[in-house]
Amino acid sequence: MKPIQTAGVIGLGSLGVLYATLFTRALGKEQVPVLADGARIARYRKQGFWYNDAPCDFNYTDAAARTEPVDLLLFAVKFGGLQNAIETCRHLVGPDTLVISVLNGISSEEILGDAFGPEHVVWCVAERMAAKKEGNRVVCDPIGELAVGVPAGEDTSRLQRLTAFFDSISFPYVVPADIRTHMWSKLLCNTGCNQAALVFQCDYGPLQVPGKPRDTMIGAMREVAAVANAEGVPLSEKDVAAWVDIIDHLPSNGETSMRQDGKNHRKSEVELFAGIIRRLAAKHGISVPVNDWLYQQIQEMERNY
C-alpha cells in the first residue's frame, strides 16, 4: 500500500483548524494543502487563523489551481456546504486517495461514497474533544480522537492504510468493533447534547447538573436509542450513560458546535439530528416527543435570526 504523504483539509471550522494544525505539524506545511475556492482562500490569507493562541502557518491552496491528487482528503465543512466542497475537490481524489469526514451525523459517508466511490471512504467519527471557535481563533482542549472503520464485511485495506498513517504521526484514533453502531452512538450524543445546548443557550455547565437542560438532553438521547434499535443498531441505556459521563467531564465553560452556531446566528445542523430521527421514527411508528420539541424550538429560533 502506498503510504500517505499528503493530507488535504477542506473547511476551517474548529475541527478543520485542529486537524490542519496536527497534520501540518506532522508532515510539514507543503504536504498539507488547506483547500477552498479562490475567493475563500483570499479571505483565509487576509484574516489568518490562530490555534490555542498560536498563529497558524497553513498552506492555503486554491483547489482549482492544484492538479495533483492528495493521498488523504479530510472534509470538515458544515453539512450544508458538503456538496459544494465535493465539487471543489473532486479532481483531487485520485485512484489512491482516501476520504474521511468529520461532519456530524450519519449521512456524510454515504454522500462521499456516492461522489467518489465507497472504496475511497473510511467511516469516521470525531469524538471526545472540546473545541471552540470565535472569529478566526480556535481553542481545543482536549483534542479527542477519531474513531475510524469500514462497514462490516468490507475490505479493510483502506482502513489499515489510514491507521498506518495515523500511527506514523502519533495521531489519536480508535478502531471500534462496529463503526456503524459507533456512529449511531455519536449521533445519540449530538442529538441530545448539541440540541439542548442550542435551545437552552448554554455551555456544558447546565448539562452537567440536574435541571431541564440535562433532562432534555437525556430524553433526546433515549429516543435516538429507540430509533436505532428499530434500524437494527443495538444502542441501549448503557450508551446513554456512557455519553452523559463523557459530557460530565468536559470543561463546564465549553460549548457545542450548535451553541456556537446559535450565538453567531448561523443555520444549525438540526436536520442531521432531530430531523433524521423524526423521519426514521415516523417510518417505524415511534413517538419522539423530545426531539419533536427540540426541532420546533430550533426552527423557531432560526426563523428569528
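Residues numbered from 1 in each chain as written. Predicted model: local features only at pLDDT ≥ 70, side-chain atom pairs only at ≥ 80, totals over all residues. Heavy atoms only, no water.

**Q** An account of the pairing of strand β8 (residues 123-127) is requested, with residue identities and associated values reported.
**A** Most of β8 is tucked away: four of the five residues are buried. Strand direction decides the pairing type here: β8 and strand β11 (residues 145-149), joined by five bridges, are antiparallel. Considered in β11, the bridge of A126 is made with L146. (Buried < 20%, exposed > 50% of the residue type's maximum accessible area, 1.4 Å probe, protein only. Helix = DSSP H or I, 4+ residues; strand = E, 2+ residues; numbered from the N terminus. Pairing = 2+ DSSP bridges.)

**Q** Report on the pairing of strand β6 (residues 70-75), specifying residues and quantitative values.
**A** β6 sits mainly inside the fold: six of its six residues count as buried. In this structure, strand β1 (residues 7-10) lies alongside β6, joined through four bridges in parallel fashion. Considered in β6, the bridge of A7 is made with L72. Examined bridge by bridge, β6 and strand β7 (residues 93-101) share five bridges and lie parallel to one another. In the strand pairing of β7, L72 is matched with L98. Taken together, β6, helix α3 (residues 82-89) and β7 form a β-α-β motif whose crossover is right-handed. (Right-handed = clockwise from strand over helix to strand, strands pointing away.)

**Q** Tell me what's going on with the sheet that holds strand β2 (residues 33-36), and back it up with residues and numbers.
**A** Taken in spatial order, the five strands line up as β5-β2-β1-β6-β7 in an open sheet, and their pairing is parallel. In the strand order of this sheet, the two ends are held by β5 (59-62) and β7, each with one partner. Taken over all neighbouring pairs, the strand axes of this sheet differ in orientation by 30° on average, direction set aside. Of the strands in this sheet, β2 and β5 touch helix α2 (residues 38-47), which is tilted by about 130° from β2. (Axes fitted to C-alpha atoms, helices over the stretch in contact; angles between N-to-C directions. Contact = heavy atoms within 4.5 Å.)

**Q** If you had to explain the environment of G135 to someone new, which residues and values would you point to?
**A** Among the structural elements, G135 can be located in the loop between β9 (131-134) and β10 (137-140). Given a relative accessible area of 59%, G135 falls into the exposed group. Sequence-wise, G135 and W50 are 85 residues apart; in three dimensions their C-alpha atoms are separated by 9.5 Å.

**Q** Can you explain the packing of aromatic side chains? Please cite residues and give values.
**A** Applying the stated criterion to the full structure yields eleven aromatic pairs. Seen from their ring centres, F23 and F165 are 5.9 Å apart, and the 50° between their planes marks the pair as tilted. Linking F23 in helix α1 (residues 14-27) with F165 in helix α5 (residues 157-168), this pair joins segments that are 142 residues apart in sequence. For F165, a relative accessible area of 3% translates into the label buried. Residue placement shows R278 over the ring face of Y295; its charged tip is 4.3 Å from the ring centre. (Phe/Tyr/Trp six-rings, centres within 6.5 Å; stacked < 30°, edge-to-face > 60°. Lys NZ or Arg CZ within 6 Å of the ring centre and 35° of its normal.)

**Q** So what's going on with the sheet that holds strand β3 (residues 50-51)? Which residues, and what values?
**A** In spatial order, the strands read β4-β3-β10-β9; together these four strands make up an open sheet with mixed pairing. In the strand order of this sheet, the two ends are held by β4 (54-55) and β9, each with one partner.

**Q** Can you explain the pattern of salt bridges? Please cite residues and give values.
**A** Scanning the entire structure with this criterion turns up 16 salt bridges. Between D261 and K78 there is a salt bridge whose closest N-O contact spans 3.0 Å. A residue pair is termed long-range when its members are at least 10 positions apart, and D261 in helix α9 (residues 257-263) and K78 in the loop between β6 and α3 qualify at 183 residues. Across the pair R214 and D248 runs a salt bridge whose closest N-O atoms are separated by 2.8 Å. Of this pair, R214 sits in helix α7 (residues 212-230) while D248 is found in helix α8 (residues 237-248), placing the two residues 34 residues apart along the sequence. The exposure class assigned to R214 is buried, which follows from its relative accessible area of 15%. One continuous salt-bridge network, built from bridges that share partners, spans K132, E134, E255 and K263. (Salt bridge = Lys/Arg side-chain N within 4 Å of Asp/Glu carboxyl O.)

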